[in-house]
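Fold and contact review
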Amino acid sequence: MKRQTTTILLLLLSGTLALAAASHSHWERVPARDHARANPFAGNPAAAVAGERVYNDHCAQCHKAGARGDGGKHPSLRSEQLRAVTDGDLEWFLRQGDLAHGMPSWSSLPQAQRWQLVTYLRSIQ
Ligand code: HEC
């Protein structure tokens with residue numbers, strides 16, 4: 001019984017580590033140019049309001065109201081990890097998406113709307 005418990009704990013631990021590694025991986029793939037790109041609307045309150053509208057139209061269905069996530073497959077967008085990446089990283093990820101993991105690409109939105117989304121997320125993080 002004791003050995004079973006240990007095995008289960010080890011399996012849970014390795015699963016958690018694998019998930020952590022997976023969620024880090026897209027930030028390591030951001031090209032240097034995109035990583036360094038500045039948000040033209042950084043700190044602009046009107047852009048944050050516009051971004052919230054775009055968020056409610058396109059993102060809230062998965063990431064939920066206020067970008068708090070659903071506690072499962074759809075992550076909160078207020079996490080430490082997202083606070084740590086650059087605005088350029090976020091805009092790049094929105095363009096790419098990660099379809100294999102259920103995140104669509106938003107490359108069809110106008111570029112300005114992706115920056116507005118980033119501005120909105122920054123305003124609530
Ligand atoms: C159909 C559901 C769905 C929609 C709609 C959606 N997402 Fe996602 N999103 C996901 C999933 C699932 C992930 C996790 C993917 C992964 O692990 O790579 C994710 C991941 C992310 C991440 C990375 C989170 C992290 O911690 O690495 C960001 C940022 C993000 N989404 C922003 C958005 C924004 C902004 C929108 C609206 C334009 C949006 N998403 C719309 C499903 C969705």
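Cut-off values and rules
- Residues numbered from 1 in each chain as written.
- Predicted model: local features only at pLDDT ≥ 70, side-chain atom pairs only at ≥ 80, totals over all residues.
- Heavy atoms only, no water.
- Helix = DSSP H or I, 4+ residues; strand = E, 2+ residues; numbered from the N terminus.
- Buried < 20%, exposed > 50% of the residue type's maximum accessible area, 1.4 Å probe, protein only.
- Donors = N, O, S within 2.8 Å, 3.2 Å for Na, K, Ca; no water.
- Tetrahedral: all angles 85-135°; square planar, octahedral: opposite > 155°, others 65-115°.
- Axes fitted to C-alpha atoms, helices over the stretch in contact; angles between N-to-C directions.
- Parallel < 35°, antiparallel > 145°, perpendicular 65-115°, else oblique.
- Left-handed = near helix turned anticlockwise from the far one by under 90°.
- Contact = heavy atoms within 4.5 Å.
- Nonpolar A, V, L, I, M, F, W, Y, C, P; charged D, E, K, R; others polar.
- Near = heavy atom within 4 Å.
- Polar contact = N/O pair within 3.5 Å; in protein donor to acceptor, adjacent residues only side chain to side chain.
- Core = buried A, V, L, I, M, F, W, Y, C linked by side-chain atoms within 4.5 Å.

1. Topic: the overall build of the chain
The number of helices and strands found in the chain is seven helices and zero strands. Along the chain, helices (α) and strands (β) appear in the sequence α-α-α-α-α-α-α when read from the amino end. Scored against the burial criterion, the 125 residues of the chain give a buried share of 34%.

2. Examining the coordination of the iron atom of the ligand
Note on metal sites: the ideal angle is 109.5 degrees for four tetrahedral donors, and 90 or 180 degrees for six octahedral donors. With distances of 2.0 to 2.2 Å, the protein atoms coordinating the iron atom of the ligand are H63 (NE2) and M103 (SD). Around the iron atom of the ligand, the six donor atoms sit at angles spanning 88 to 179 degrees, and that spread fits a shape best called octahedral. Placement of the pair is H63 in helix 4 (residues 60-63) and M103 in the loop between helix 6 (87-96) and helix 7 (111-124), with a sequence separation of 40 residues. With respect to burial, H63 and M103 carry one shared label: buried.

3. A look at the packing of helix 6 against helix 7
At a minimum axis separation of 10 Å, helix 6 and helix 7 run at an interaxial angle of 125 degrees. The angle between helix 6 and helix 7 falls in the class oblique. Here the hand of the crossing between helix 6 and helix 7 comes out right-handed. Contacts between helix 6 and helix 7 involve D87, G88, L90, E91, L94 and R95 from the former and Q111, R114, W115, L117, V118 and R122 from the latter. Broken down by class, the residue content of the contact of helix 6 with helix 7 amounts to five nonpolar, two polar and five charged.

4. Here's the deal with the site of the ligand
Not every one of the 22 residues close to the ligand is listed here, only the nearest: C59, C62, H63, D98 and M103. Side-chain polar atom of H63 to a nitrogen atom of the ligand: 2.8 Å apart, as the coordinates give it. Separating an oxygen atom of the ligand from a side-chain N or O atom of D98 is a distance of 2.4 Å. Elements supplying a minimum of two residues to the shell around the ligand: helix 1 (2-28), helix 4 and helix 6. Residues of the shell around the ligand, tallied by class, amount to 13 nonpolar, seven polar and two charged.

5. Some points on the nonpolar core
Within the largest apolar cluster, 23 residues are counted, with the highest numbers of intra-cluster contacts made by W27, Y55 and L117. Of all the elements in the fold, those that place two or more residues in this core are helix 3 (45-58), helix 6 and helix 7. Examining the composition of this core, we find that six residues originate from one element, helix 7, more than from any other. Leaving out residues up to four positions away in the same chain, L117 has contacts with G51, V54, Y55, C59, L94 and L109.

6. Some points on the packing of helix 3 against helix 7
For the pair helix 3 and helix 7, interaxial distance at closest approach is 7 Å and the crossing angle is 100 degrees. In terms of their interaxial angle, helix 3 and helix 7 are classed as roughly perpendicular. Only Q113, Q116, L117, T119, Y120 and S123 of helix 7 make contact with helix 3, whose side of the interface consists of A47, A48, A50, G51, E52, V54 and Y55. When the residues that make up the contact of helix 3 with helix 7 are grouped by side-chain class, the tally is seven nonpolar, five polar and one charged.

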